[in-house]
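Residue-level listing of the chains:
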Protein chains: 2
Amino acid sequence: MALKTLSAANAAALDKDLMSIGAFSIDQLMELAGLSVSQAVYHVHPPSRGRRILVACGPGNNGGDGLVAARHLWHYGYKPTIYYPKQSKNELYQRLSTQLKDLNVPFTNDFPASLKETDHIVDAIFGFSFSGPLRDPFPAVISALESTTIPVTSVDAPSSWDIENGPPKEGPGAKFMPPFLISLTAPKPLVKLFEGRHFLGGRFVSPGIAEKYNLDLPEYEGLDQVVEIGKNGQKL
Amino acid sequence: MALKTLSAANAAALDKDLMSIGAFSIDQLMELAGLSVSQAVYHVHPPSRGRRILVACGPGNNGGDGLVAARHLWHYGYKPTIYYPKQSKNELYQRLSTQLKDLNVPFTNDFPASLKETDHIVDAIFGFSFSGPLRDPFPAVISALESTTIPVTSVDAPSSWDIENGPPKEGPGAKFMPPFLISLTAPKPLVKLFEGRHFLGGRFVSPGIAEKYNLDLPEYEGLDQVVEIGKNGQKL
């Protein structure tokens, strides 16, 4: 059994199919994706290990998944802090931010200082649509993630990694290897270079769409919105 | 400790607050509400007891919650069938229906026949905005639910019940006492007359909104989107 992956182009096409054939709204998909992320964090870092979670959000959909995850983490009893330096004017992301503010979740502008006061980090900066180069303030943020000893869960991709080829050859991210990754919908090719624990989330793909993209998705258990998978794509 | 409940008028006002103060979209709220319903069904009727679930959906939001629940139940391995006799032209409900059709979930027009071929029923016909009287085809459907021996999980209210005063004094629903009820956001006054197992769902209410409506919500456990509560509102 070999791990089947989804190229960046196909990941984008699959998302479009979910919204056209599947008739999902972006609100729904992001809610379920963020819920998956929150469950993966709970599995790798239960509240007993420390409740402070720094959620670093990028400007696009990956950041939106992080905002949703942060809200669910709050409801699980964590104390999230949001770093969201390039806030989108998109109405959905603004609403996701308001939902957090209504819970009094703090937003920070100082990533290095916040890094000293957290027990876990969610890297929701860049996902499958990232193609580089890193723009400010993200080179410094990626360098900080690369060198921190605090555990990081990356969403869909370790940020700065190329979706097909993995870590950049040099510069920020070249040595970034987070201990945890959650792939959304399906693993991307970069997972072949990933050495940590790997989860899959997004329990909403229909068999028709899975077949169209030649996905070989492991079965989720019970009510879980995530499943841990091994190097060959098998369920762990 | 007494169970605090939410009147029909306040339930409607709270929903409005979730969408204004809370900045939630109806897509998000319905996704999370339906997810809660699916989890309650899983708890009271795990797949090992029979996978066939008949989901009866009314024309409004309660029906929408049922459509979302049916999709999640499908992903858990159940075989849902949808009875949805008064389909809304509302775009959201149409999308929720399409999502089910993309999973090849069957829709039925024959409630009595479908009742003979199911292991569990989800009653998502009417919720907190119901004020009677029952219109066709629902009197016959409620009578069938009232007399069936197949277990029923009602969403927010046993359909036909008055939100404040419980079952109607006579006619269809007068003797309808489903074994399971899931209240969404907060219990409604009718729960004082309900004798089955009672769950609460809707893990998205902020402390500010809970305080505004004088809610005394039990704590959810772990990753659960539902919590079972007793007669006095205590967590079971």
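Criteria and cut-off values
- Residues numbered from 1 in each chain as written.
- Chains lettered and ligands numbered in written order.
- Predicted model: local features only at pLDDT ≥ 70, side-chain atom pairs only at ≥ 80, totals over all residues.
- Heavy atoms only, no water.
- Helix = DSSP H or I, 4+ residues; strand = E, 2+ residues; numbered from the N terminus.
- Rg over C-alpha atoms; globule rule 2.2 N^0.38 Å.
- Buried < 20%, exposed > 50% of the residue type's maximum accessible area, 1.4 Å probe, protein only.
- Contact = heavy atoms within 4.5 Å.
- Areas by Shrake-Rupley, 256 points an atom, 1.4 Å probe, with all protein chains shown as cover.
- Lys, Arg positive; Asp, Glu negative; His and termini not counted.
- Charge placed at Lys NZ, Arg CZ, Asp CG, Glu CD.
- UniProt positions renumbered as here; feature names shortened; annotations may be inferred.
- Buried area = accessible area lost by both parts, 1.4 Å probe.
- Polar contact = N/O pair within 3.5 Å; in protein donor to acceptor, adjacent residues only side chain to side chain.
- Nonpolar A, V, L, I, M, F, W, Y, C, P; charged D, E, K, R; others polar.
- Least-squares fit on C-alpha atoms with pLDDT ≥ 70 in both.
- Pairing = 2+ DSSP bridges.
- Axes fitted to C-alpha atoms, helices over the stretch in contact; angles between N-to-C directions.
- Parallel < 35°, antiparallel > 145°, perpendicular 65-115°, else oblique.
- Left-handed = near helix turned anticlockwise from the far one by under 90°.
- Salt bridge = Lys/Arg side-chain N within 4 Å of Asp/Glu carboxyl O.

What to know about the overall build of chain A
Of the regular secondary structure elements, chain A holds 7 helices and 8 strands. The C-alpha radius of gyration computed for chain A amounts to 16 Å, which stays within 12% of the reference 18 Å derived for 236 residues, consistent with globular compactness. Taken along its principal axes, the extent of the C-alpha atoms in chain A is 45 × 40 × 35 Å. Burial status across chain A gives 59% buried among its 236 residues. When contacts within chain A are restricted to residue pairs at least 6 apart in sequence, long-range pairs at least 24 apart make up 73% of them. Surface exposure of chain A reaches about 9400 Å², of which carbon and sulfur atoms provide 50%. Separation between the mean location of the 22 positive side-chain charges and that of the 24 negative ones in chain A comes to 2 Å.

Some details on the UniProt feature "domain: YjeF N-terminal" (unreviewed entry) in chain A
Sites flagged by UniProt as "domain: YjeF N-terminal" (unreviewed entry) map to residues 11-217 of chain A. Here residues 11-217 of chain A is 37% helix and 15% strand, with 14 Å between the C-alpha atoms at its ends.

With respect to the interface of chain A and chain B
Taken together, the contact between chain A and chain B spans 33 residues of the former and 33 residues of the latter. Counting each side, the surface lost to burial between chain A and chain B is near 2900 Å², with a carbon and sulfur contribution of 61%. There are 16 residue pairs in polar contact (both at pLDDT 80 or more) connecting chain A and chain B. For the side of chain A that touches chain B, the secondary-structure elements that each account for two or more residues are helix 2 (26-44), helix 3 (61-76), helix 4 (91-101) and helix 7 (207-212) of chain A. Tallied by class, the residues present in the side of chain A that touches chain B amount to 15 nonpolar, 12 polar and 6 charged.

Things to note about the relation of the copies chain A and chain B
Aligned on chain B, chain A shows an RMSD of 0.0 Å; the corresponding rotation is 180 degrees and the shift along the axis is 0.0 Å. In symmetry terms, the pair is related by a two-fold rotation axis. Judged by C-alpha distance, Gln28 of chain A is the residue of chain A that lies nearest the rotation axis, at 2.8 Å. With an isologous cut-off of 70% or more, the 100% of interface residues of chain A that recur at the interface of chain B puts this contact in the isologous class.

Details of the sheet that holds strand 3 (residues 107-108) of chain A
Residue and element names in this part refer to chain A. Ordered by their spatial adjacency, 8 strands build an open sheet running 3-2-1-4-5-6-7-8, and the pairing between neighbours is mixed. A strand with exactly one partner marks an edge of an open sheet, and here the two such strands are strand 3 and strand 8 (226-229). Of the pairings in the sheet, the one linking strand 7 (residues 197-201) to strand 8 comprises 4 bridges and is antiparallel in character. When the bridges of strand 8 are listed, His198 appears paired with Ile229.

Focus: the packing of helix 2 of chain A against helix 4 of chain A
Residues and elements named next belong to chain A. Where helix 2 contacts helix 4, the two axes come as close as 11 Å, and the packing angle between them is 45 degrees. Relative to helix 4, the element helix 2 is oriented oblique. The element helix 2 and its partner helix 4 pack so that their crossing is right-handed. For the pair formed by helix 2 and helix 4, the contact residues are Ile26, Asp27 and Met30 on the first element and Leu92, Tyr93, Arg95 and Leu96 on the second. Taken together, the residues that form the contact of helix 2 with helix 4 break down as 5 nonpolar, no polar and 2 charged.

Some details on the pattern of salt bridges
All names here are of chain A. As enumerated under the stated definition, the model contains 16 salt bridges over all chains in all. Notably, a salt bridge pairs Lys212 with Asp17, separated by 2.8 Å at the nearest N-O pair. Here Asp17 lies in helix 1 (residues 8-19) and Lys212 lies in helix 7, a separation of 195 residues in the sequence. Judged by relative accessible area, which is 52%, Lys212 ranks as exposed. Overall, the relative accessible area of 10% leaves Asp17 in the buried class. Put simply, Glu221 and Lys235 hold a salt bridge, and the shortest N to O gap is 3.0 Å. Highlighted residues: Glu221 in the loop between helix 7 and strand 8 and Lys235 in the segment after strand 8, separated in sequence by 14 residues. By relative accessible area, which is 34% here, Lys235 ends up partly exposed.

Some words on the side chain of Gln99 of chain A
When you line up the elements, Gln99 of chain A lands in helix 4. Here Gln28 of chain B takes part through its side chain, which lies 2.9 Å from a polar atom of the side chain of Gln99 of chain A. Excluding residues that lie within four positions of it along the chain, Gln99 of chain A makes contacts with Arg71 of chain A together with Gly22, Ala23, Phe24 and Gln28 of chain B.

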